[in-house]
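Inside the fold
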Amino acid sequence: MKALFTLGLLLCFDQANALPDDRPVPGGIAVVEIPLNSTAQFEGDPVLTTSANGRQLAIVGISLKAIPGAATLTTSTGPVQFNIVSKNYLTESLTIPDQDKVTPPARDYPRIQRERSEMNSVFTSFSRTNVNMDFALPVMGRTSSSFGKRRILNGLAKNPHSGMDIAAPQGTPVSAPTSGRVAATGNYFFNGNTVLLDHGQGLITLYCHLSQIGVKAGDLVNKGDILGAVGQTGRVTGPHLHWSVSLNNNRVDPALLLMPNQE
């Protein structure tokens, strides 16, 4: 599979591409104007930048753990301030049939740590490539669980939901929402069959619980290319796609990358 995924030294989008919604909340995205021809970092991680209408913009992913208030973006020409505003997320309780997926036995710890390290190496990667932000839903279906929900699994408090769950029948094709490179695939303890795509400049997407994987590490994909199929592998209550978006190593709400009629 070939893709328009061209290496470039200039950190910019095609100006025809859409920008994400500017929602500077925990788990959101801040679109911050910075000096022309500058690069940016946030909390030590490099940040995706673009030029649009004669302005230079930083597209900043904000952690769900971020404390509302003043925040500082470090640029190559000096600090730039922006403000993080508060947001409340709902809580949901789920029952997982396999208790080992909620409180894993000690024998599974090495596997879990190895898989976490593999995924983190993708989330922290940063390549100076052109980025296509024209995103589409990876699968058509019902949003069964939204991003950011505080989760209670089998009565135990767990980390907030780091993605969007889309319920669809087993075997429904899952496609790339925009062009990118397959950074990793695997059958992970919690996530089941998983694909990670690198779209450039620290923008990474994750696809979990697949029934099958149709790509391999290193493949280049175009928007609409098939990555695999909806399944119920890993920690699940039924067939669905868990879709995560990471910006500068912070998981953010995937809905912010979609046009309103796609959510």
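All of the points below concern the structure found in this document. (Residues numbered from 1 in each chain as written. Predicted model: local features only at pLDDT ≥ 70, side-chain atom pairs only at ≥ 80, totals over all residues. Heavy atoms only, no water.)

Where charged atoms from two side chains of opposite charge come close, those side chains can pair. Evaluated as defined, the whole model comprises seven salt bridges. The shortest N-O distance in the salt bridge between Glu33 and Arg55 comes to 3.4 Å. With a gap of 22 residues between them, Glu33 in strand E1 (residues 29-34) and Arg55 in strand E5 (residues 55-61) connect regions that are remote in the sequence. Given the relative accessible area of 45%, Glu33 is considered partly exposed. We note a salt bridge from Glu92 to Lys149, for which the minimum N-O separation is 3.6 Å. Highlighted residues: Glu92 in strand E8 (residues 91-94) and Lys149 in the loop between strand E9 (142-145) and strand E10 (150-153), separated in sequence by 57 residues. With a relative accessible area of 12%, Glu92 lands in the buried category. (Salt bridge = Lys/Arg side-chain N within 4 Å of Asp/Glu carboxyl O. Helix = DSSP H or I, 4+ residues; strand = E, 2+ residues; numbered from the N terminus. Buried < 20%, exposed > 50% of the residue type's maximum accessible area, 1.4 Å probe, protein only.)

Here we take up the nonpolar core. One finds Leu197, Leu203, Tyr207, Leu241 and Trp243 to be the most contacted residues of the largest nonpolar core, which totals 34 residues. At four residues, the largest contribution of residues to this core is made by strand E19 (residues 240-247). Every residue in contact with Leu197, bar those within four places of it in the chain, is listed here: Ala176, Pro177, Arg181, Val182, Ala183, Leu203, Ile204, Thr205, Tyr207, Val221 and Leu227. In this structure, Ala30, Ile34, Phe42 and Leu73 belong to the second largest nonpolar core, which totals 15 residues. (Core = buried A, V, L, I, M, F, W, Y, C linked by side-chain atoms within 4.5 Å. Contact = heavy atoms within 4.5 Å.)

A few words on helix H1 (residues 109-123). Quick reminder: α-helices carry 3.6 residues per turn. Residues three or four places apart thus point the same way. For H1, built from 15 residues, the straight-helix expectation of 21 Å at 1.5 Å per residue is met to within 8% by its first-to-last C-alpha distance of 21 Å. All buried positions along H1 are accounted for by Ile112, Glu115, Met119, Val122 and Phe123. The arc that holds every buried residue of H1, seen down its axis, measures 100°, which confines them to one face. Seen from the open side of H1, the exposed residues pointing more than 90 degrees away from its buried face are Pro110 and Arg114. Considering only its buried residues, H1 is in contact with strand E14 (180-188), strand E15 (192-198), strand E16 (203-213), E19 and strand E20 (250-252). (Expected span 1.5 Å × (residues − 1). Arc of directions from axis to C-beta.)

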